[in-house]
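What follows is the residue order along each chain.
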Amino acid sequence: MKTVEELERIRKQAQAMTRLREGGESIKIVVGMGTCGIAAGARETLSAIMDELARRNIQDVIVTQTGCIGLCEQEPIIAIVMPGSEKVTYGKVSREKARKIVASHVVNSQIVGEWVIATE
Amino acid sequence: MQFYRSHVLVCGGTPCILKGCKAVRDALIDELKRRGLDEEIRVVETGCLGPCDLGPVIVVYPEGTLYERVQVGDVPRIVEEHLLKGRVIPSLTGEGRLAGVVGYEEPTYLASQERIVLRNCGIIDPSSIEEYIARDGYRALGKCLTEMEPLDVIEVVRQSGLVGRGGAAFPTGLKWGFTANAESEQKFIICNADEGEPGTFKDRLILEGDPHNILEAMAIAGYAVGASCGYVYIRGEYVLSIERINEAIEQAKVFGLLGEDIFGSGFSFDVQVVKGAGAYVCGEETALIESMEGGRGEPRIKPPYPGTHGFLGKPTVVNNVETLANIPPIMLNGAQWYRGFGTSKCPGTKVFTMIGDINSKGLIEVPMGITLRRVIYEIGGGIPGGRDFKMAQTGGTSGGCLPREMLDVPMDYFTLPEVGSALGSGALLIMDDSHCIVDIAESFMRFFVRESCGKCVPCREGTARLHDIIRKISQGNGTYEDLRLIRDLSHAMQGTSLCGLGQSAPVPIMTMLKYFKDEFEAHIKNRLCPTGTCRL
Ligand SMILES: Cc1cc2nc3c(=O)[nH]c(=O)nc-3n(C[C@H](O)[C@H](O)[C@H](O)COP(=O)(O)O)c2cc1C
Ligand code: SF4
Ligand code: FES
């Protein structure tokens, strides 16, 4: 290592590896993984989200799961929580829709209005 | 880059290894593969997380859920319920002592703790230099080498108020100053990881959990005093520590953080591991140096001190693992920041391995000056079986014993000596009221008889005689005259022994006589052991 800048570059890259363990403000994607959700294809939705994030090399997003929220007919359900904004819940999120939501809402902060089932 | 939605940290510290964490880790990896989750969830093996007696311990991030006593049979459930469906499994989060969900914001089991030395332990993968760098690793070294003169580095360490954590509490800045001022072509840095104190395993867990921290600190020390060569003296049984530090040395060399011309500063530094053979006295700095030079592990007469006449007769800094672990954060955040922890006379934190009659055993780091009461009842979860606290021994076998009346004395390097005790290195042994003081004294002395190297008379003879007398008392054959003899012998040993072993061997007995005299007297006068431990 010849310069401090070089170390700084490695640090920035490496932080992606440990960010999950650090806490702090991050965009959160919550996938409903109750029995109803899984039956409706939530597993595939989750995989599509993961794949899309990896493809776009996005690291500062937390993906977690939740159980049934009582809107079984709307499953698969995902919710996006941006720091400082309301939680936006989408229903009937297929793989394709999931990818679109990542691209539009998570990357560009544009809510995809037509699929939203709740905001709180 | 791969995106992981969850990290499962499996504690890979030696205590957890002994409880089978490797099998749990393997089962976890297999199960994740089988369920097709291995691309989404990363399994990370870390150093000690702290609650060693609850091992094997795992923590699931981003939630920060801590599962304790995880068995291979629990793995499918954790994967199915938690990692796939996102439901925490309450029955595996313990009896509520660790309050299950720790959360990374304010992990409950860390709530009263302060983590400087252990800041990375249990959070990073110790075999990954990148993870160390991610958490500001080697930035302090970069700062020192590119922005500071060696004397400025020493000045910051001096101002921080850091004193040695190996037991003697010598001011680290002052120590570095002696070596920096000594004229010599060659100087050395030695990290003392001999850790022979029974019940102490903090240095081991620091090395296992965060080896780069020590390498960075040694390089900073080398720059500060003008040394280009460092040695880590580790006891041979510490297999994992040795493995991890060697691995870290190789990585640091590849990254150019050890070796020639680090950060283009012209400063070069290399580190090697030396294995110790396990004698307690070899942790004493001059005996350590003697053994590194191939001699018998016996202390040398001081002065001269290692700071000016150390390894191969050259100026040498010998520092404890924990002392060094404080250096990178101090250099990065400044002396004032460090003085914000602990007490004004004794800043910083202290790492302890908590053992004995305490609910929560394991590795903790607390602010200097914390009281025994808070450690035992807030962090340690109290004494099992609702029994009463009898005594605590701070600082390992040669530390003093504190009775119940001392529960509120601030624990630091300057206050404890005032009550005849010492903070020592790292073990905190808690005993409940079922133990007999005379019996404990006998077992401590037995240790010193075995470990006395025999070089000087006061210790060689003194430890043996003290042991004889105490055994005599424990057998119901003691006299009041014996108590006087113990005191005289102790004073002679403290004043005339060559090294710290003989000087401090009487400390536990002296404090016991001071605080538990009636128990000795019961053995003598009534030929009765109040706890029924001794066979009279
Ligand atoms: C019998 C005996 C055993 C010791 N064992 C250790 C040890 O295991 N580790 C250690 O760091 N210091 C040990 N010391 C203290 C060292 O001599 C020395 O003071 C210390 O390594 C200096 O480092 P520090 O200033 O960072 O504390 C021992 C001292 C004595 C007398
Ligand atoms: S005090 Fe004990 S251990 Fe130290 S040199 Fe003397 S005999 Fe050896
Ligand atoms: S070794 Fe696992 S918690 Fe300490």
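Refer to the preceding data block for the structure.
Residues numbered from 1 in each chain as written. Chains lettered and ligands numbered in written order. Predicted model: local features only at pLDDT ≥ 70, side-chain atom pairs only at ≥ 80, totals over all residues. Heavy atoms only, no water.

Caption draft 1: Spatial organisation of the overall build of chain A. For chain A, the helix and strand inventory stands at four helices and five strands. In sequence order, the secondary structure elements of chain A are arranged as α-β-α-α-β-β-β-α-β. Each principal axis of the C-alpha atoms in chain A carries an extent, and together these give about 60 × 25 × 25 Å. Put simply, of all contacts in chain A between residues at least 6 apart along the chain, 65% involve residues at least 24 apart. Here chain A displays about 5,700 Å² of accessible surface, and carbon together with sulfur accounts for 48% of that area. (Helix = DSSP H or I, 4+ residues; strand = E, 2+ residues; numbered from the N terminus. Contact = heavy atoms within 4.5 Å. Areas by Shrake-Rupley, 256 points an atom, 1.4 Å probe, with all protein chains shown as cover.)

Caption draft 2: Structural context of the pairing of strand S11 (residues 389-394) of chain B. Residue and element names in this part refer to chain B. Of all the six residues making up S11, six are buried; the element is thus mostly covered by neighbouring parts of the structure. Two strands pair when backbone bridges link them, and S11 and strand S13 (residues 427-432) are joined in this way by five bridges, in the antiparallel orientation. Paired with Gln-393 across the bridge in S13 is Leu-429. The sheet contact formed by S11 and strand S12 (residues 401-403) spans three bridges and is antiparallel. Among the inter-strand pairings, Ala-392 is bridged to a residue of S12, identified as Leu-402. (Buried < 20%, exposed > 50% of the residue type's maximum accessible area, 1.4 Å probe, protein only. Pairing = 2+ DSSP bridges.)

Caption draft 3: Expanded view of the site of ligand 1. All names here are of chain B. Lining the immediate surroundings of ligand 1 are 18 residues, of which Gly-166, Lys-175, Glu-195, Asn-320 and Thr-323 lie closest. Within the contact set of ligand 1, an oxygen atom lies 2.9 Å away from a side-chain nitrogen or oxygen of Asn-192. One of the backbone N or O atoms of Gly-283 is found 3.2 Å from a nitrogen atom in ligand 1. Look at ligand 1: alone it shows 610 Å² of surface, and the protein chains cover 90% of it. Taken together, the elements giving at least two residues each to the shell around ligand 1 come down to strand S8 (316-320) and helix H19 (500-504). With three residues, S8 is the single largest residue contributor to the shell around ligand 1. (Near = heavy atom within 4 Å. Polar contact = N/O pair within 3.5 Å; in protein donor to acceptor, adjacent residues only side chain to side chain.)

Caption draft 4: Structural detail: the sheet that holds strand S5 (residues 116-119) of chain A. All names here are of chain A. Across the sheet, which stays open at both edges, the five strands sit in the order S2-S1-S3-S4-S5 with mixed pairing between neighbours. Of all strands in the sheet, those with a lone pairing partner are strand S2 (61-66) and S5, marking the two edges. Looking at each pair of strands side by side, their axes are set apart by 20° on average, direction ignored. Two elements, strand S1 (residues 27-32) and S2, share six bridges in a ladder whose sense is parallel. Within S2, the residue paired with Gly-32 across the bridge is Thr-66. The strands touched by helix H4 (residues 95-108) within the sheet are S1, S2, strand S3 (78-81) and strand S4 (87-90), with S3 carrying the most contacts at an inclination of about 20°. (Axes fitted to C-alpha atoms, helices over the stretch in contact; angles between N-to-C directions.)

Caption draft 5: Representation of unusual backbone geometry within the structure. Across the junction of Tyr-61 of chain B and Pro-62 of chain B, the peptide omega takes the value 10°, indicating a cis bond. Position of Pro-62 of chain B among the secondary structure elements: in the loop between strand S3 (58-61) and strand S4 (65-67). Residue Lys-302 of chain B is joined to Pro-303 of chain B through a cis peptide bond whose omega torsion reads -5°. Considering the arrangement of structural elements, one finds Pro-303 of chain B in the loop between helix H11 (285-292) and S8. Non-glycine residue Lys-92 of chain A carries a positive phi angle of around 50°. Relative to the helices and strands, Lys-92 of chain A resides in the loop between S4 and H4. Phi is positive for Glu-195 of chain B, which is not a glycine, with a value near 40°.

Caption draft 6: Expanded view of the packing of helix H8 (residues 202-209) of chain B against helix H10 (residues 239-254) of chain B. Residues and elements named next belong to chain B. Where H8 meets H10, the axes come as close as 8 Å, and the angle between the chain directions of the two elements is 35°. Read as a crossing pair, H8 and H10 show a hand that is left-handed. Here Arg-204, Leu-207 and Glu-208 of H8 come into contact with H10, specifically with Leu-240, Ser-241, Arg-244 and Ile-245. In terms of residue class, the contact of H8 with H10 is built from three nonpolar, one polar and three charged. (Left-handed = near helix turned anticlockwise from the far one by under 90°. Nonpolar A, V, L, I, M, F, W, Y, C, P; charged D, E, K, R; others polar.)

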